[in-house]
Amino acid sequence: MRILVTGGLGYIGSHCCIALHQAGFSPVIYDNLCNSSSRVLDQLEKICGQRFDFIEADLLDPVALQQAFAQYQPEAVFHFAALKAVGESVQQPLRYYQNNVAGTLNLLQQMQQAGCQRLIFSSSATVYGNPQFLPLTEQHPLGATNPYGWTKVMAEQMLQDLCHAQPGFLAIALRYFNPAGAHPSGLIGEDPRGIPNNLMPYVAQTAVGRRPFVSVYGQDYPTPDGTGVRDYIHVMDLAEGHVAAYQQLRSQSGFHAFNLGTGQGDSVLQLIAAFSAAAGREIPYQFSARRPGDIAASYADAGKALQQLGWRTRYDLGRMAEDSWRWQTQYPHGLEPSHDSI
């Protein structure tokens, strides 16, 4: 039971390969290494006791995709391959539309030609834009506040239209909130190149001495401690959510969307405190002005995933911090030290 995993060497994709393997599936990894490392393959082999097949290629290469489907004949695709930095998407919108939207279109065309009709799509809570109500349900109106978010909205629209036109097609959009943490082995984790876009790796790099302090953007939000509140979810909970979605719905068709989150929010200061406890040291931080476009709070209503998939999160913020710290201490400069730039 082969599953083609696009972006399978990235942060979420690699953890999902572990969850797929544990559930009895055989991941085939398709990744262009633009924001990942081939060394993740070695780490996955240590964790799973098996070396997964790997295709180094781009989604914008139709010949490589066609060959992948012909060679492996996967029963489904788990699609993680996307650029994901919000700020960068504002600076380079065309690059994001080309990679995320055109890449997904190319993938869908090749799936159609190969007769592969099952897709699990890595979406995002950014499709909800500025929250009109909290917690966010799947019925919240879609929109976006940046090009990255719009690429996810557009990809979801393509999937809905394809499911309408092709009744046998199954597309599951999983809308992530804020993935954090690492595999409990400490062998893989979030390994961003350059300055991290996500808070947890920035805090981890500060804790290990790579950065002088954490910048906390805004201390006057209408939240309990004045800092932004987000729904942090352990990356292994997230990975297991993908497998649960596929196992529950693989015999169905049509478009389905699910929030994957804990259902509660934690503030920036709460995350820093949790990481300080995990690391056994105080992590320095400094307040800065709010960033344009940031919102006060965002957290999920994950009730639909519980009811229809039987899935709920297992790990809290403390566990996310502990696992992230284990990864960071074992690999203080990530798997590719040459990519580190402060």
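Here the structure is a predicted model, which is why all the values come from computation and not from measurement. (Residues numbered from 1 in each chain as written. Predicted model: local features only at pLDDT ≥ 70, side-chain atom pairs only at ≥ 80, totals over all residues. Heavy atoms only, no water.)

1. Description of the packing of aromatic side chains
How two aromatic rings sit relative to each other is set out by the distance from centre to centre and by the angle between their planes.
And step 1. If you walk through the whole model with that rule in mind, you get 5 aromatic pairs.
And step 2. Residues Tyr285 and Phe287 carry aromatic rings whose centres are separated by 5.6 Å and whose planes lie at 80° to one another, so their mutual orientation is edge-to-face.
And step 3. A residue is classified by how much of its surface remains accessible, and Tyr285, at 38% relative accessible area, is partly exposed.
And step 4. Joined through ring pairs, the aromatic side chains of Phe25, Phe78 and Tyr246 make up one cluster.
And step 5. The ring of Tyr221 carries the charged tip of Arg290 above its face, separated from the ring centre by 4.1 Å.
And step 6. Just above the ring of Phe258 sits the side chain of Lys304; from NZ or CZ to the centre is 4.8 Å. (Phe/Tyr/Trp six-rings, centres within 6.5 Å; stacked < 30°, edge-to-face > 60°. Buried < 20%, exposed > 50% of the residue type's maximum accessible area, 1.4 Å probe, protein only. Lys NZ or Arg CZ within 6 Å of the ring centre and 35° of its normal.)

2. Some remarks on the pairing of strand 4 (residues 76-79)
And step 1. The alternating pattern of strand 4 places Ala76 and Phe78 and Val77 and His79 on opposite faces, both of which are buried.
And step 2. As paired strands, strand 1 (residues 2-6) and strand 4 are joined by 4 bridges and run parallel to one another. Looking across to strand 4, one finds that Ile3 is bridged to Ala76.
And step 3. Pairing of strand 4 with strand 5 (residues 118-124) involves 3 bridges; the strand directions are parallel. Along strand 5, the bridge assignment pairs Val77 with Leu119. (Helix = DSSP H or I, 4+ residues; strand = E, 2+ residues; numbered from the N terminus. Pairing = 2+ DSSP bridges.)

3. Brief notes about helix 1 (residues 11-22)
And step 1. For helix 1, which comprises 12 residues, the first-to-last C-alpha distance of 18 Å matches the rise-based estimate of 16 Å (1.5 Å per residue) to within 8%.
And step 2. Of all the residues in helix 1, the buried ones are Tyr11, Ile12, Gly13, Ser14, His15, Cys16, Cys17, Ile18, Ala19 and Leu20.
And step 3. Positive phi appears at Gly24, one or two residues downstream of helix 1, with a value of about 95°. (Expected span 1.5 Å × (residues − 1).)

4. Considerations on the nonpolar core
And step 1. One finds Ile3, Leu20, Leu44, Phe78, Ile172 and Leu174 to be the most contacted residues of the largest nonpolar core, which totals 48 residues.
And step 2. For this core, the elements supplying multiple residues, two or more each, are strand 1, helix 1, helix 2 (39-48), strand 4, strand 6 (170-176), helix 8 (235-249), strand 11 (254-260) and helix 10 (303-309).
And step 3. At 9 residues, the largest contribution of residues to this core is made by helix 8.
And step 4. Setting aside residues up to four positions removed in sequence, Leu174 forms contacts with Ile120, Phe121, Ser122, Ser123, Ser124, Gly241, His242, Ala245, Phe258 and Leu260.
And step 5. With 28 residues, the next largest nonpolar core counts Leu119, Leu159, Ala171 and Ala173 among its residues. (Core = buried A, V, L, I, M, F, W, Y, C linked by side-chain atoms within 4.5 Å. Contact = heavy atoms within 4.5 Å.)

5. Looking at helix 3 (residues 62-72)
And step 1. Those residues of helix 3 not exposed but buried are Ala64, Leu65, Ala68, Phe69 and Tyr72. When helix 3 is viewed along its axis, its buried side chains cluster within an angular range of 135° and face the same direction. Relative to its buried face, helix 3 has exposed residues pointing more than 90 degrees away, namely Gln67, Ala70 and Gln71.
And step 2. Tucked into the core, helix 3 has its buried residues touching strand 1, strand 2 (26-31), strand 3 (53-56), strand 4 and helix 5 (93-114).
And step 3. Positive phi shows up at Gln73, right after helix 3, with a value of about 45°. (Arc of directions from axis to C-beta.)

6. Description of the UniProt feature "domain: NAD(P)-binding" (unreviewed entry) in the protein chain
And step 1. As recorded in UniProt, the sites labelled "domain: NAD(P)-binding" (unreviewed entry) are residues 4-322.
And step 2. Its end C-alpha atoms 31 Å apart, residues 4-322 is made of 40% helix and 18% strand. (UniProt positions renumbered as here; feature names shortened; annotations may be inferred.)

7. Quick look at the sheet that holds strand 14 (residues 297-298)
And step 1. Spatial ordering of the open sheet is given by 12-9-14, a layout of 3 strands whose pairing is mixed. Each having just a single partner strand, strand 12 (266-267) and strand 14 make up the two edges of the open sheet.
And step 2. Pairing of strand 9 (residues 229-230) with strand 12, which is carried by 2 bridges, proceeds in the antiparallel orientation. If you follow Val229 over to strand 12, its bridge partner there is Ser267.

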